[in-house]
Amino acid sequence: MSIVTLNRRKLRENFNYLNRFFAEKNIEWSVVTKVLCGNDTFLYEMLSLPIGEFCDSRISNLKTIKALNPDVQTVYIKPVPLTFVDDVVKYADVSFNTEVETLSLLSSKAVSLNKFHKVVIMIEMGELREGVVREKLLDFFGKILKLPNIEIVGIGTNLCCMNGVLPDYDKMKLLHESKQEIEKTFNIRIPYISGGASVSIPLVLNDEMPPYINHFRIGETLFFGTNVYDDTFIEGMHHDVFKLNAEIIEIKEKPNIPEGKLGTNLTGEKKDFNNLKKIKNTTRAIVDIGLLDLSPKNIKPVNKNLEIVGQSSDMLVLDLQNSYKNYKVGDTVVFELNYMSLLSVMNSSYVEKKVISDIGHQIKKRKNHFVKRI
């Protein structure tokens, strides 16, 4: 069996760190939950935090959040598929949009439900992912401003995720200038510029983020304490809120080089062992997780003496090296996770999800105190 654990204390300490940080800078923020893949056990922990807005890129996950607490504000953070328009209006209080046709359908659905739907218009700022190109922004707004039951509450951009384009002062300034031009042309007010994600936090730390960027969407830094800008950790935050625990199902002494004619393995790779020195025997352990659940390149054993030496669809092979006396069949090997490995194991139905607390007593459940955002 394999289990991914969420450490309640460390999650809360990371949250408190960010909450104080953003409060000092007068920045509103929301939690991006997409890495949790809609798991209700972990989402329940998130909803116990004193924040009122949650973002996700899967409407089914927002549906789960609304079922757990209908009072929080939910945000759908990618352009809305036409086939999901009805569900987005039902389960997302806010959606990110870039297409006139989609906004028109959202408007029609909102009218039919007698409700208002809030939208953030995403603007292309060089990442070449979603976003209206700036040269066509005024034309775009001219077509959507009169749509009934649609409330434009912000503009935003997304950087780094696909091509690695980093945010900087100049890009944020351009985003602000776009907002000013729209407001002046159409005599409207747009309250929010959602220009910040985890990768933008270092700009705030270094006082390089303009004060008019007033809304952040944070996932990775909350869960991993990462400085996404340069792939380091932020001092004072935990990077091990989540851990993977995989059970040992075999321990055997075996050679370190396979015997026989070699072809390609399961992934189509033909391994080269020519540079390895043959050792008579090494002690190897097989743990109960494999490629079906995650890529081994995105995990590291907490015990640095262990080495990942191979994997198949549902098993991972470790060289125990000098630690072989410390393990037996049935024991658990603990692994550090990064964002991509957590995303993978959360999406695997074969890995159990469990909340743990290491503070010596059970935290009492308490009524949530939520603040409306956007």
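Residues numbered from 1 in each chain as written. Predicted model: local features only at pLDDT ≥ 70, side-chain atom pairs only at ≥ 80, totals over all residues. Heavy atoms only, no water.

A. Molecular detail of the packing of aromatic side chains. This model, assessed by the stated rule, comprises 9 aromatic pairs. Ring pairs connect the aromatic residues F15, F21, F22, W29 and F216, which therefore count as one cluster. (Phe/Tyr/Trp six-rings, centres within 6.5 Å; stacked < 30°, edge-to-face > 60°.)

B. Local environment of helix α2 (residues 40-47). Residues of α2 that are buried: F42, L43, E45, M46 and L47. A distance of 3.2 Å separates the backbone nitrogen of T41 from a side-chain oxygen at the start of α2, and that oxygen is part of N39. (Buried < 20%, exposed > 50% of the residue type's maximum accessible area, 1.4 Å probe, protein only. Helix = DSSP H or I, 4+ residues; strand = E, 2+ residues; numbered from the N terminus. Polar contact = N/O pair within 3.5 Å; in protein donor to acceptor, adjacent residues only side chain to side chain.)

C. Quick look at the pattern of salt bridges. Enumeration over the complete set of coordinates arrives at 13 salt bridges. One salt bridge connects D93 with K66, and the closest N-O pair in it is separated by 2.8 Å. Here K66 lies in helix α3 (residues 59-68) and D93 lies in the loop between α4 (85-91) and β5 (94-97), a separation of 27 residues in the sequence. The class for K66 is buried, based on a relative accessible area of 15%. One salt bridge connects R129 with E130, and the closest N-O pair in it is separated by 2.7 Å. (Salt bridge = Lys/Arg side-chain N within 4 Å of Asp/Glu carboxyl O.)

D. Molecular detail of the side chain of K10. Structurally, K10 can be placed in helix α1 (residues 8-24). A polar side-chain atom of K10 sits 2.9 Å from a polar atom in the side chain of D240.

E. Broad picture of the nonpolar core. With 88 residues, the main nonpolar core has F141, F216 and F242 as its most contacted residues. Take this core: its biggest share by element is 5 residues, from α1. With residues up to four places along the chain from it excluded, the contact list for F242 reads V4, T5, L6, L36, F42, F223, L337 and L342. (Core = buried A, V, L, I, M, F, W, Y, C linked by side-chain atoms within 4.5 Å. Contact = heavy atoms within 4.5 Å.)

F. Layout of the pairing of strand β13 (residues 282-287). With 6 of 6 residues buried, β13 is to be regarded as a mostly interior element. Residues of β13 alternate between two faces, with T282, R284 and I286 on one and T283, A285 and V287 on the opposite face, all of them buried. In this sheet, β13 lies alongside strand β12 (residues 242-254) in antiparallel orientation, the contact comprising 6 bridges. Paired with K254 across the two strands is T282, which belongs to β13. Inspection of the sheet shows β13 paired to strand β16 (residues 316-319) by 4 bridges, in the antiparallel sense. Opposite A285, over in β16, you have L318 as the bridge partner. (Pairing = 2+ DSSP bridges.)

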